[in-house]
Amino acid sequence: MGRSYNYNHEDTQDLMQDTYIDAFMNLSKFENRSTFKTWIIKIMLNNCYKKQQKWSSKNITTAEINEKSTPMFSNIQHTDTNKTVINKELSFVIEHALQQIPIDYRMVFSLREISGLNVIETAEALNISEANVKVRLNRAKSMLRKEVEKRIRRKIFSNLI
């Protein structure tokens, strides 16, 4: 979730640590109205939102945040060097494309496709309807596809020049 908010790896780890501490401190308030996974994701989302508000009040631009970020899929390891290079480039393209779509769509995509939540859990975590989750996911995939195609076209064109 932290990466969806464009935080770098270290900030995301700090947010995760804060989330686990918050969950532990408020465990008695967990009412089983949703799954534990959904509850802890909501805490993480709230922590990300709070951090974003705190940073925006300090006039930190998203460009400054993005400069520090690393691709979220950079842990892919292959024995073949060529595959490794291609996968790292693809990971960078996908992460960059993900950063270009609006946050409402990015969050649904991240929860469903990266975190593996189902439609109901995603709807609960984001306080939206299940139908809205499905629509946003389809739109996010479409936007991502266009962004990836655009970036790949630019890459191919710049290599030709």
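Above this text you will find the structure in question.
Residues numbered from 1 in each chain as written. Predicted model: local features only at pLDDT ≥ 70, side-chain atom pairs only at ≥ 80, totals over all residues. Heavy atoms only, no water.

Visitor: Residue-level account of the overall build of the protein chain, with values.
Guide: The helix and strand tally for the protein chain stands at seven helices and zero strands. If you list the helices and strands of the protein chain from N to C, you get α-α-α-α-α-α-α. Residues counted as buried form 35% of the 161 residues belonging to the protein chain. In the structure as shown, the protein chain presents an accessible area of about 10500 Å², 53% of it carried by carbon and sulfur atoms. (Helix = DSSP H or I, 4+ residues; strand = E, 2+ residues; numbered from the N terminus. Buried < 20%, exposed > 50% of the residue type's maximum accessible area, 1.4 Å probe, protein only. Areas by Shrake-Rupley, 256 points an atom, 1.4 Å probe, with all protein chains shown as cover.)

Visitor: Could you give me a rundown of the nonpolar core, with the residues and numbers involved?
Guide: For soluble globular proteins, nonpolar side chains are generally found buried alongside one another. Grouped together as the largest cluster of nonpolar side chains are 15 residues, with contacts concentrated most on Leu98, Ile101, Val108, Phe109, Val133, Ala140 and Leu144. Of all the elements in the fold, those that place two or more residues in this core are helix H4 (81-100), helix H5 (103-114), helix H6 (119-126) and helix H7 (130-160). The leading source of residues in this core is H7, at five residues. With sequence-adjacent residues up to four places away left out, Ala140 is seen in contact with Ile101, Tyr105 and Phe109. By size, the runner-up hydrophobic cluster in this structure holds twelve residues, among which are Tyr5, Met44, Met107 and Leu111. (Core = buried A, V, L, I, M, F, W, Y, C linked by side-chain atoms within 4.5 Å. Contact = heavy atoms within 4.5 Å.)

Visitor: Outline the packing of H5 against H6, supporting the account with residue identities and numerical values.
Guide: Between two packed helices, both the angle of their axes relative to each other and the distance between the axes serve to describe the pair. Following both chains from N to C, one finds H5 and H6 inclined at 140°, their axes separated by 10 Å at the closest point. Viewed along their axes, H5 and H6 adopt a mutual orientation that is oblique. H6 is crossed by H5, and the crossing has right-handed handedness. On H6, the residues that touch Met107, Val108, Leu111 and Arg112 of H5 are Val119, Thr122, Ala125 and Leu126. (Axes fitted to C-alpha atoms, helices over the stretch in contact; angles between N-to-C directions. Parallel < 35°, antiparallel > 145°, perpendicular 65-115°, else oblique. Left-handed = near helix turned anticlockwise from the far one by under 90°.)

Visitor: Can you tell me about a nonpolar patch on the surface, naming the residues and giving the values?
Guide: Taken together, the side chains of Ile21, Phe24 and Met25 present a nonpolar region at the surface, about 380 Å² in accessible area. Of note, Phe24 is situated in helix H1 (residues 9-25). Note on Phe24: relative accessible area 63%, which makes it exposed. (Patch = residues over 30% accessible without salt bridge, like charges linked within 9 Å, V, L, I, M, F, W, Y side chains within 5 Å. Salt bridge = Lys/Arg side-chain N within 4 Å of Asp/Glu carboxyl O.)

Scope: geometric values only; no functional claims are made or implied.
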